[in-house]
Amino acid sequence: KVNAAMALAAYAARNPVEKALLFGLAGAYPGGPSLGEAVLVEEEVEADLGLKEGLAPLGFPALALGERRYFNRFPLDPGLTGELARGLGLKVAVGLTRDLVSETPEEALALAQRWGASLENMEGAAFARACLALGVRGAELRAISNPAGVREKAHWRTKEALSALARAVRRLLAEEGGARRPPG
């Protein structure tokens, strides 16, 4: 988690950053995205802060910006996320970040139900929180490589997920490149 936030903060300290994209693989919770599917994340939950119920019962936020308090939920930029979802034709989901991945399907289901999340990763919340703190419009693109809580790699679809992620990133870069080309 820390590396994603530190890398963005270090870059932003030396360069102007208007928007940032985090992309990678994730595990899907039961009822979440399909294996091999690419999705955009609208909000990240940092599930290993505070109590099992989060930081709110303890009364102190993980991040405060003016009057806004963020406990365990960190939104990605809704305008950028919506724009990318429409442009790429992708669904939008809620991600959950933990230092430990789910070890069983039962644990994955319990986390999904407790937090209302569709997918699991290890750095999305740190990226989202860093974007909020830095005032950077952030978006997160994930492709589903495995069912969360299933450790047997025979059930994973890493190649399919990487292909879906590569297709989405290529389309995104092509659209960005086209938007920057001068007319004529």
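Residues numbered from 1 in each chain as written. Predicted model: local features only at pLDDT ≥ 70, side-chain atom pairs only at ≥ 80, totals over all residues. Heavy atoms only, no water.

A. Up close: helix α2 (residues 78-88). Burial in α2 covers these residues: L80, T81, G82, L84, A85 and L88. For α2, the N-terminal cap is D77; the gap from its side-chain oxygen to the backbone nitrogen of G79 is 3.2 Å. A positive phi of about 65 degrees marks G89, the residue just after α2. (Buried < 20%, exposed > 50% of the residue type's maximum accessible area, 1.4 Å probe, protein only. Helix = DSSP H or I, 4+ residues; strand = E, 2+ residues; numbered from the N terminus. Polar contact = N/O pair within 3.5 Å; in protein donor to acceptor, adjacent residues only side chain to side chain.)

B. Quick peek at the layout of surface pockets. By volume, the largest pocket amounts to about 270 Å³. Surrounding the largest pocket, 12 residues form its lining, K19, L21, L172, L173 and E176 being those nearest its centre. Every element with two or more residues in the lining of the largest pocket is listed here: β1 (19-28), α2 and α5 (158-180). At 5 residues, the largest contribution of residues to the lining of the largest pocket is made by α5. Quantified by volume, the second largest pocket comes out at close to 210 Å³. What lines the second largest pocket is a set of 12 residues, and nearest its centre among them are L8, V17, K19, A20 and L21. Among the elements of the structure, α1 (2-14) and β1 are those that each provide at least two residues to the lining of the second largest pocket. (1 Å grid on protein atoms, 1.4 Å probe; cavity = no way out; pocket = protein on both sides within 12 Å on 5 of 7 lines; lining within 4 Å. Points joined across faces, edges and corners; volume = space filled by probe spheres on them.)

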